[in-house]
Amino acid sequence: MGTNGSTMLEPLRQGLPPIDPSAVSGSATCTLPARYEAVGGARQFTRATLNRWELSDRFDDVALVVSELVTNALRHALPADAPRDPQDPPVRLHLMRWTSRLVCAVRDPSQESPVAAEAADSAESGRGLFLVESFSDSWGWHPSPAPGAENLSAGAPALRGKVVWALFRLSGDA
């Protein structure tokens, strides 16, 4: 899943009613610093948001997935030696709620597609996307347009980074 352009968003659409942007019943965004301590902040933000949306019963699974997505963004998408623009935080966590689903999305500056690899039994890391796939109903990714790119007249928008997302069906969703 999530490795080529035509299938990147398909899992988000499969077996679910179309997503109408105007039907979003809640959304929240958190910018995260390029430090591993940001993972704990992402979990706290997720807990507060889910509590506000009365979805605290989903916290354990959602927090695990958020932790993995943010960790992957920090570990694999941020080159250690790259200069950072303080006006453009490198990683952002978005939580979006519809009546029948919750989507967690993490934006990072890398254009490299996420790759689920098999980790050795003795490995201490390398299972993040396996966990995301196991605990969410589906996941994928898509390129992220640069801010203001929608106003470009030269055809395709300029791309900067990607968004990796995980979808959770909410109770009452067939």
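Just above sits the structure.
Being a predicted model, the structure only gives us computed values, none of them experimental.

Q: Go over the overall build of the protein chain, please, and point to the residues and values.
A: Tallying secondary structure elements over the protein chain gives four helices and five strands in all. Scanning the protein chain from its N terminus toward the C terminus, one meets helices and strands in the order α-β-α-α-β-β-α-β-β. Buried residues in the protein chain amount to 41% of all 174 residues. Pairs at least 24 residues apart make up 70% of the contacts formed inside the protein chain by residues separated by at least 6 positions. Here the protein chain has roughly 9800 Å² of accessible surface; of this, 51% comes from carbon and sulfur atoms.

Q: Go over the pairing of strand β2 (residues 91-97) with me, naming the residues and quoting the values.
A: Note: strand β1 (residues 26-32) against β2, seven bridges, orientation antiparallel. Each residue of the ladder has a partner; that of G26, found in β2, is R97. Sheet analysis places β2 next to strand β3 (residues 101-108), joined by six bridges and oriented antiparallel. Within the sheet, the bridge partner assigned to H94 lies in β3 and is A105. Taking the residues between adjacent antiparallel strands as the criterion, β2 and β3 are bridged by three residues.

Q: Before we move on, can you summarise the pattern of salt bridges with the specific residues and values?
A: The full count for this structure, using the stated rule, is two salt bridges. Linking E37 and R35 is a salt bridge whose minimum nitrogen-to-oxygen distance equals 3.6 Å. E37 sits in the exposed class, given a relative accessible area of 59%. D108 serves as the salt-bridge partner of K162, at 3.0 Å between the closest nitrogen and oxygen. Within this pair, whereas K162 is found in strand β5 (residues 159-169), its partner D108 is found in strand β3, the two being separated by 54 residues in sequence.

Q: How would you summarise the environment of C30 if you had to cite specific residues and measurements?
A: In this structure, C30 sits in strand β1. Taking the C-alpha atoms as reference, C30 lies 5.1 Å from L93; in sequence the two are 63 residues apart. When sequence neighbours within four positions are dropped, the list of residues in contact with C30 reads F45, V91, R92 and L93.

Q: How would you sum up helix α2 (residues 38-52)? Please name residues and give values.
A: With 15 residues, α2 extends 21 Å from end C-alpha to end C-alpha; this agrees with the ideal 21 Å at 1.5 Å per step. Next to the buried residues of α2 lie β1, α3 (59-76), β2 and β3. A positive backbone phi angle near 55° is found at E54, which sits one or two residues after α2.

Q: Go over the packing of α2 against α3, please, and point to the residues and values.
A: Relative to each other, α2 and α3 sit at 145°, their axes nearing to 9 Å. For the element pair α2 and α3, the recorded crossing hand is right-handed. Between α2, through A38, V39, A42, R43, T46, R47 and L50, and α3, the contact on the second element is made entirely by F59, V62, A63, V66, S67, V70, T71 and L74. The residue inventory of the contact of α2 with α3, partitioned by class, reads 10 nonpolar, three polar and two charged.

Q: So, the side chain of S136: which residues are in play, and what are the values?
A: Along the chain, S136 falls in the loop between α4 (128-135) and β4 (138-145). Looking at S136, its side chain comes within polar contact range of the main-chain oxygen of S138, at 3.2 Å. Here S136 is in contact with V65, A166, L167 and F168, once residues within four sequence places are set aside.

Q: Pulling in residues and values, what's your account of the nonpolar core?
A: Burial of nonpolar side chains together is a common tendency in soluble globular proteins. Core analysis: the largest hydrophobic core is formed by 33 residues, its most contacted members being L32, V66, V70 and L93. Of all the secondary-structure elements, those providing two or more residues to this core are β1, α2, α3, β2, β3, α4, β4 and β5. If we ignore the near neighbours within four places in the chain, the residues touching L93 are A28, T29, C30, L32, A42, F45, T46, V66, A105 and V106. In terms of nonpolar packing, the next biggest core, distinct from the first, is built from six residues, V103, A105, W165 and L167 among them.

Thresholds, definitions, all that
Residues numbered from 1 in each chain as written. Predicted model: local features only at pLDDT ≥ 70, side-chain atom pairs only at ≥ 80, totals over all residues. Heavy atoms only, no water. Helix = DSSP H or I, 4+ residues; strand = E, 2+ residues; numbered from the N terminus. Buried < 20%, exposed > 50% of the residue type's maximum accessible area, 1.4 Å probe, protein only. Contact = heavy atoms within 4.5 Å. Areas by Shrake-Rupley, 256 points an atom, 1.4 Å probe, with all protein chains shown as cover. Pairing = 2+ DSSP bridges. Salt bridge = Lys/Arg side-chain N within 4 Å of Asp/Glu carboxyl O. Expected span 1.5 Å × (residues − 1). Axes fitted to C-alpha atoms, helices over the stretch in contact; angles between N-to-C directions. Left-handed = near helix turned anticlockwise from the far one by under 90°. Nonpolar A, V, L, I, M, F, W, Y, C, P; charged D, E, K, R; others polar. Polar contact = N/O pair within 3.5 Å; in protein donor to acceptor, adjacent residues only side chain to side chain. Core = buried A, V, L, I, M, F, W, Y, C linked by side-chain atoms within 4.5 Å.

So, to be careful, I would describe these as geometric facts and stop short of saying anything about function.
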